[in-house]
Amino acid sequence: MDIYDPRYPAHLWLMIFYGLLDAMWQTTTLWLIGAMSNDSNKLAIYAGFYHSIQSAGAAGVWRVDAVGLPYMNIFLSTWCLVVAGLVFSFPMIYLRIRDTTVLEDEGLIQRDQELNTKVQEVGVVEAVEVEESKKEEP
């Protein structure tokens, strides 16, 4: 098929809408991943897992296409996997996505608070040592 084929505009619009659908899917998925936590360590693990599954799926489809499986089978298996993924992801979305941040769930915030507490304790000890050294000097 080339640009002068009468079916070309229909295929062009189909590809444009596939691209828009993919962009919306990726944006929604990455937004949901970002909404699951404010801890960058957790988010890195979630995003890495998502992209590894995405890459494995792309490699699998590439191989299935190379073997010569009919396109309708690939199409149906892709949509079956999407539906199954959505069914399994709904409980995770329901349980993990909140409108507020719960500090007990955030490891990064807890570590930051522990660090601040230690710095304050050390700062108090250093201030006492400085005052004692000033008292010792005549």
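No experiment lies behind these values; they were computed from the predicted model shown.

Criteria and thresholds
Residues numbered from 1 in each chain as written. Predicted model: local features only at pLDDT ≥ 70, side-chain atom pairs only at ≥ 80, totals over all residues. Heavy atoms only, no water. Salt bridge = Lys/Arg side-chain N within 4 Å of Asp/Glu carboxyl O. Buried < 20%, exposed > 50% of the residue type's maximum accessible area, 1.4 Å probe, protein only. Axes fitted to C-alpha atoms, helices over the stretch in contact; angles between N-to-C directions. Helix = DSSP H or I, 4+ residues; strand = E, 2+ residues; numbered from the N terminus. Parallel < 35°, antiparallel > 145°, perpendicular 65-115°, else oblique. Left-handed = near helix turned anticlockwise from the far one by under 90°. Contact = heavy atoms within 4.5 Å. Nonpolar A, V, L, I, M, F, W, Y, C, P; charged D, E, K, R; others polar. Expected span 1.5 Å × (residues − 1).

A. Spotlight on the pattern of salt bridges. Inspection of the entire model under this criterion finds one salt bridge. For Arg 7, the salt bridge identified is with Asp 5, shortest N-O distance 3.9 Å. The exposure class assigned to Arg 7 is exposed, which follows from its relative accessible area of 52%.

B. Molecular detail of the packing of helix α2 (residues 40-67) against helix α3 (residues 71-96). Here α2 crosses α3 at 165 degrees, and the two axes come no closer than 11 Å. As far as their axial angle goes, α3 and α2 are roughly antiparallel. Where α2 crosses over α3, the two elements pack in a sense that is right-handed. Taking contact as the criterion, the partners of Lys 42, Tyr 46, Val 61, Val 64 and Asp 65 in α2 are, on α3, Tyr 71, Ile 74 and Arg 96. Partitioned by chemical class, the residues of the contact of α2 with α3 number five nonpolar, no polar and three charged.

C. Representation of helix α1 (residues 8-35). Helix length check: α1, at 28 residues, gives a terminal C-alpha distance of 40 Å against a target of 40 Å (1.5 Å per residue), a fit within 8%. Listed in full, the buried residues belonging to α1 are Gln 26, Thr 29, Leu 32 and Ile 33. Buried residues belonging to α1 abut α2 and α3.

The values are spatial; any link to function lies outside them.
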